[in-house]
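Examination of the molecular architecture
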Amino acid sequence: MTEPGAGLPVTKEDVKRASAQALEIPGADAVEVVVAASATGLTRYAVSQIIQNTVRNETRAYVRVVVGDRVATASTTQLTPDSLARAAERAIEAARASRPDAEFPGLPDPSDVGKADPVFRWDEATAVRTPSDRAVKVREILAASQATNAAGIFETSAHAYGVVSSLGIDCFDAYTRCVTTCLVDNGESTGWGDASSHDFDRVDVEAVARRAAEKAERGRGARDGKPGTYEVVLEPAAVGVLLDYLAYVGMGAKQVIEGESFLASRAGEKVAADGVTVADDVFHPESVGLGFDLEGVPKKRVAVIEGGVAKGPVTDLRTARKLNVDPTGHYSGSSEYGPYASNPVLEPGTMKVEEMISSVADGFLVTRFHYVNVLERPTTLLTGMTRDGTFRIRSGEVAEPVHNFRFAHSVLDALASTRGVGSDVAGFAPEYGSFGSAVAPALHVGEFTFASTTSH
Amino acid sequence: MKDLVIKALDSAVAGGASYADVRGVDTASEALSVRDDTVEALDRVHSSGFGVRVLVDGAWGFACSARLDDREPDRIAATALEVARASATAIARPVELVEEPPHIATWRSPFEKDPFSVALEDKVGLLLSATEQMSNVPGIRVARGTMDLLRQESWFVSSDGADIAQDIVHTAGGLEALAVDGTEVQTRSYPGSFRGHFASAGYELIEEMDLPGNAQRTAEEAVALLSAPSCPSTTTTLVLDGHQVMLQVHESVGHPTELDRVLGMEAAFAGTSFVGIRDAGDLRYGSEHVNITADATIAGGIGSFGYDDEGVEAQRVELIRNGILVGFQTSRETAAAVGASRSNGTMRAEGWENFPLIRMTNINLLPGAGSLDDLISDVDDGIYMATNKSWSIDDKRKNFQFGCEIAWEIKDGKLGRMLKDPRYTGITPEFWGSCDAVAGPEAWKVWGTPNCGKGQPGQTMRVGHGTSPARFRNVTVGVAQ
């Protein structure tokens, strides 16, 4: 853990100074202020040149007020005492127009929920990277890819979050992130590589570019594969997406209460193979996130599936009270969407990818998925496409490339038929937004259904 | 804000930008969500800031800030210039912009009743009366009502001399009923899924929708779905309602005709397109019934505006004429690639904090003739699907699978049994090629989808789609596993 210094988009003192007036606003019984600030430099390249290049400084302050048993929130992008006080007034006006909320548990009391320690997944060298530094990295990617048509990003960012309340909540945490992606299109096929870490120096752009180029080269001459149910080896990028969707459809307490999560009917049941443990764990070394949720409750590691057995969901104060359990510190900032598992981790196993492949007599190797969406929440049935490298496995060896498949398969069914979990994990940034991460190994899945194919 | 954006523009030009534009944006929004008898969310958002886009040595730079003090315009302009100079170290071809007259204008979206002037108590009360009626239907686990209101004022100035102020108001509302039986969940929405119907309009939209008057039927359909038979897996005639046609147009026509995708600029994230720039004028995209425009000028569309986010005047552009691809959505940077001397005005940015990208405006399937009943009456054996529920399409926008909330059998020209979990799949040009009827103007409606994602950093855009129900022959339906 490194204490943040240079490059912080907002300091703990900034948060306190800007919030002080709002926390004492007349007319509210309790007030909470959440400040989220970021400084993000994202250099985007395509057709092997930089096409877009942005530096974004963003700050948002969310003021939640309680008036009796009514609650409302107002937010502003202006981090000044006056702006936050005005936001508090707008929230009070809204709360008064609202209705009593019998299920609102009140704002967290630090004497009940405890004090949250920051994770500080912070690297100062990453926080202070310049546009020139990022351009250098893009040139290194382009050189290593040896491609005339490479596309992707190189991004560095610094994020800080503060939560303070009139009840005494006082939390601050910060993290950095460096993300690079590379897609190589050789005119006949495409290949993919990516890397993500909180530490700029751990992102090996040349390795990412070489991997993308090698995948693309290996994909030449692809033909249609035959849809059906197969044994597959899913590389970490593919598994990371499945994890994100498992978190989305089934790991939160609100989905349990509303009957949409698999945990509503299958908690305590065996839902996955013995070697499968899925947790929300911001403390995992590859995770990037905060030590508390967006109401200042300390975040806990929550094993949602442990040794293949379904356990319980992540909760916030509201849903924990409803389920009569302790809160796990996963308030998403919205009672409408409920608590969220923003740092899903599939715990590593013991197998190397090469071992997985060597044990498959007839199956497929999947590099990653594209445009995944939910078909049925309670069963975790998803659909999506494979992309940037799908290969036949024959007699334990990677054989010919095939055109992309559409899959239609349940995440839980894939985990239930899992025959091996990779020993190496990779961290992934979310596709949208900057909050959270996924940590995933490769998976050897016994049965995975490809429903149709496409022309490339 | 106006003084601030001018100061940033002057600073960017003085610092060496060959072209610069600055957008200041001030957005106020209100989101209400009611669940059963509880106000689940009542959020008021205010966002203001500015973004500076510059060209230096043929390369783009962009920087933005929410700080509105006197020193920030110079600092952000200098950062944008620094970014552009870094970009210039890795470009193969310098950016060139096609000409656009420097417009000096003010534009306001039309509406009758300012949604922010309506008392919050009344909005909450309306939603609660609707959710109460849904909750009273046995079998309903969750009854939800939502309202989303937005007002966005923006100022755009450019080194070409453009000076444009715009003021846009959007209103949205909708209902969702969740019915649960054991491990099965069924959802029914009104008038559309994913927070209802979005339009460039005022509160009159909410009043016209009559949410309470449609609440009970919506809930009853959700419950009925629990005991309905599943949609069979077969190849049949498919009739889609306007809401699902909206999603079909969005994913399989809107995105593939974005010229930045066609040119490979989105390859690593959202993907590219099965369409090439040489396909214009030749490619048969669909049957002769398929006529599709990009039109930023229509009333009610949340993709309507006066000028896009690089100062190009709103236009109506043909994308597909009688089934043949004839155009693309372009920008000042990309228009020349298809031989155009002018952008057709589709560059849009989410808020002040983003670089504008080619985004859909209102992508419309033009009406044909007749009613939904007419489409159905010509079907001996088929399926009618309504209200989008899920979507997925490959990175070139060919292989798609969509799901709807509800369906009905069609037998001998009439609707029969209700069916649950309806899905269909296809390949884009084959699917549009199978379109043999589009309903007429009386069935045509401009829908809005507020959550179109694209770009890195990711931007969410509000886009519109004018559609009416349409019929497709020999479609694979019921595909899941």
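What you see is a predicted model; the values in this text were computed from it and never measured. (Residues numbered from 1 in each chain as written. Chains lettered and ligands numbered in written order. Predicted model: local features only at pLDDT ≥ 70, side-chain atom pairs only at ≥ 80, totals over all residues. Heavy atoms only, no water.)

1. Quick word on the overall build of chain B
When helices and strands are counted, chain B shows 9 helices and 23 strands. Computed over its C-alpha atoms, the radius of gyration of chain B comes to 23 Å, within 12% of the 23 Å expected for a compact globule of 481 residues. Projected onto its principal axes, the C-alpha positions of chain B cover 70 × 55 × 40 Å. In chain B, buried positions account for 66% of the 481 residues. Working note: accessible area of chain B is about 15500 Å², and carbon and sulfur atoms make up 47% of it. With 43 positive and 68 negative side-chain charges, chain B shows a spacing of 3 Å between the two charge centroids. (Helix = DSSP H or I, 4+ residues; strand = E, 2+ residues; numbered from the N terminus. Rg over C-alpha atoms; globule rule 2.2 N^0.38 Å. Buried < 20%, exposed > 50% of the residue type's maximum accessible area, 1.4 Å probe, protein only. Areas by Shrake-Rupley, 256 points an atom, 1.4 Å probe, with all protein chains shown as cover. Lys, Arg positive; Asp, Glu negative; His and termini not counted. Charge placed at Lys NZ, Arg CZ, Asp CG, Glu CD.)

2. Considerations on the sheet that holds strand β10 (residues 292–295) of chain B
Residues and elements named next belong to chain B. Spatially, 4 strands are ordered β12-β11-β10-β15 in an open sheet, and the strand pairing comes out antiparallel. Every other strand in the sheet has two partners, leaving β12 (324–325) and β15 (363–365) as the edge strands with one partner each. Sheet analysis places β10 next to strand β11 (residues 316–321), joined by 4 bridges and oriented antiparallel. The residue of β11 that forms the bridge with Ile292 is Ile320. Packed on one face of the sheet, helix α6 (residues 242–254) meets β10, β11 and β15 and runs near 120° to β15. (Pairing = 2+ DSSP bridges. Contact = heavy atoms within 4.5 Å. Axes fitted to C-alpha atoms, helices over the stretch in contact; angles between N-to-C directions.)

3. Details of the side chain of B:Thr330
Residue and element names in this part refer to chain B. Among the secondary structure elements, Thr330 is positioned in the loop between β12 and β13 (347–348). Accessibility expressed as a relative area gives 3% for Thr330, which makes it buried. Residue contacts for Thr330: discarding those within four places in its chain leaves Leu259, Ala335, Val338, Arg342, Ser343, Asn344, Gly345, Thr346 and Ile358.

4. Brief notes about unusual backbone geometry
Residues and elements named next belong to chain B. For the peptide bond that leads from Tyr190 to Pro191, omega is -10°, which places it in the cis range. In this fold, Pro191 is placed in the loop between β7 (184–190) and β8 (197–199). At the junction of Gln456 and Pro457, the peptide bond is cis and its omega measures out at 0° in the coordinates. Among the secondary structure elements, Pro457 is positioned in the loop between β21 (445–454) and β22 (459–467). If you check the backbone angles, Thr387 has positive phi at about 70° while not being a glycine. Positionally, Thr387 belongs in strand β16 (residues 381–393). By relative accessible area, Thr387 is classed as buried at 3%.

5. Topic: the packing of aromatic side chains
This structure, assessed with the given rule, holds 27 aromatic pairs over all chains. On the numbers, 6.1 Å between centres and 85° between planes, the contact of A:Tyr245 with A:Tyr248 is edge-to-face. Here A:Tyr245 and its partner A:Tyr248 are both found in helix α7 (residues 236–250), 3 residues apart, which amounts to about one turn of the helix. The interplanar angle of 85° and the centroid separation of 5.2 Å between the aromatic rings of B:Phe400 and B:Phe431 together place this pair among those described as edge-to-face. Remark: B:Phe431 occurs in helix α9 (residues 428–433) and B:Phe400 occurs in strand β17 (residues 399–411); sequence separation between them is 31 residues. (Phe/Tyr/Trp six-rings, centres within 6.5 Å; stacked < 30°, edge-to-face > 60°.)

6. Considerations on the domain arrangement of chain B
All names here are of chain B. As assigned here, chain B comprises domain 1 (2–227) and domain 2 (234–477). The gap between the C-alpha centroids of domain 1 and domain 2 is 21 Å. For the pair domain 1 and domain 2, the summed buried surface comes to about 4100 Å²; carbon and sulfur atoms form 56% of the total. Of all residues in domain 1, Arg23, Val98 and Phe198 give up the largest surface area on contact with domain 2, accounting jointly for 16% of the area buried on that side. If you look at where domain 1 meets domain 2, you find 5 salt bridges. Arg332 is paired through a salt bridge with Asp160; the nearest N and O atoms lie 2.9 Å apart. (Domains from an automatic or database assignment. Buried area = accessible area lost by both parts, 1.4 Å probe. Salt bridge = Lys/Arg side-chain N within 4 Å of Asp/Glu carboxyl O.)

7. Here's the deal with the pattern of salt bridges
On inspection of all chains with the given rule, the structure shows 69 salt bridges over all chains. In this structure, A:Glu103 engages A:Lys322 in a salt bridge whose closest nitrogen and oxygen atoms are separated by 2.8 Å. Here A:Lys322 lies in helix α10 (residues 317–323) and A:Glu103 lies in the loop between α2 (81–97) and α3 (110–113), a separation of 219 residues in the sequence. In this structure, B:Asp395 engages A:Arg387 in a salt bridge whose closest nitrogen and oxygen atoms are separated by 3.7 Å. Highlighted residues: B:Asp395 in the loop between β16 and β17 and A:Arg387 in strand β13 (residues 381–394), drawn from two different chains. As far as the burial class goes, B:Asp395 and A:Arg387 line up, both buried. Through salt bridges with shared partners, one network takes in A:Lys254, A:Glu258, B:Arg35, B:Asp36, B:Glu40, B:Arg144 and B:Glu176.

8. Section: the domain arrangement of chain A
Residue and element names in this part refer to chain A. For chain A, the assigned domains are domain 1 (12–180) and domain 2 (221–453). Domain 1 and domain 2 are separated by 26 Å when their C-alpha centres are compared. Listed by partner, the interface residues are 29 residues for domain 1 and 28 residues for domain 2. Each partner contributes to the roughly 2300 Å² buried at the junction of domain 1 and domain 2, and carbon and sulfur atoms together form 59% of this total.

9. Some details on the environment of A:Gly275
For A:Gly275, the location among the structural elements is in the loop between α9 (263–266) and β8 (278–280). Separated by 33 residues in the primary sequence, A:Gly275 and A:Gly308 place their C-alpha atoms 6.5 Å from one another.

10. Some details on the pairing of strand β14 (residues 397–401) of chain A
Residue and element names in this part refer to chain A. Here 3 bridges tie β13 to β14, and the two strands are oriented antiparallel to one another. Bridge pairing in β14 places Arg394 opposite Glu397. Linkage of β13 to β14, two consecutive antiparallel strands, is achieved through a turn of 2 residues, within which Ser395 is found at a positive phi near 50°.

11. Brief notes about the nonpolar core
By size, the foremost hydrophobic cluster in this structure holds 65 residues, and its most contacted members are A:Val33, A:Val63, A:Val65, B:Leu42 and B:Ile140. With 9 residues, α2(A) is the largest single contributor of residues to this core. (Core = buried A, V, L, I, M, F, W, Y, C linked by side-chain atoms within 4.5 Å.)

12. Side note on the environment of A:Val35
Residue and element names in this part refer to chain A. Mapping Val35 onto the fold places it in strand β1 (residues 30–46). For the pair Val35 and Ala18, spaced 17 residues apart in the sequence, the C-alpha separation amounts to 9.4 Å. Contact partners of Val35, with chain neighbours within four places excluded, come to Val10, Val15, Thr59, Arg60, Ala61, Leu79, Ala160, Tyr161 and Gly162.

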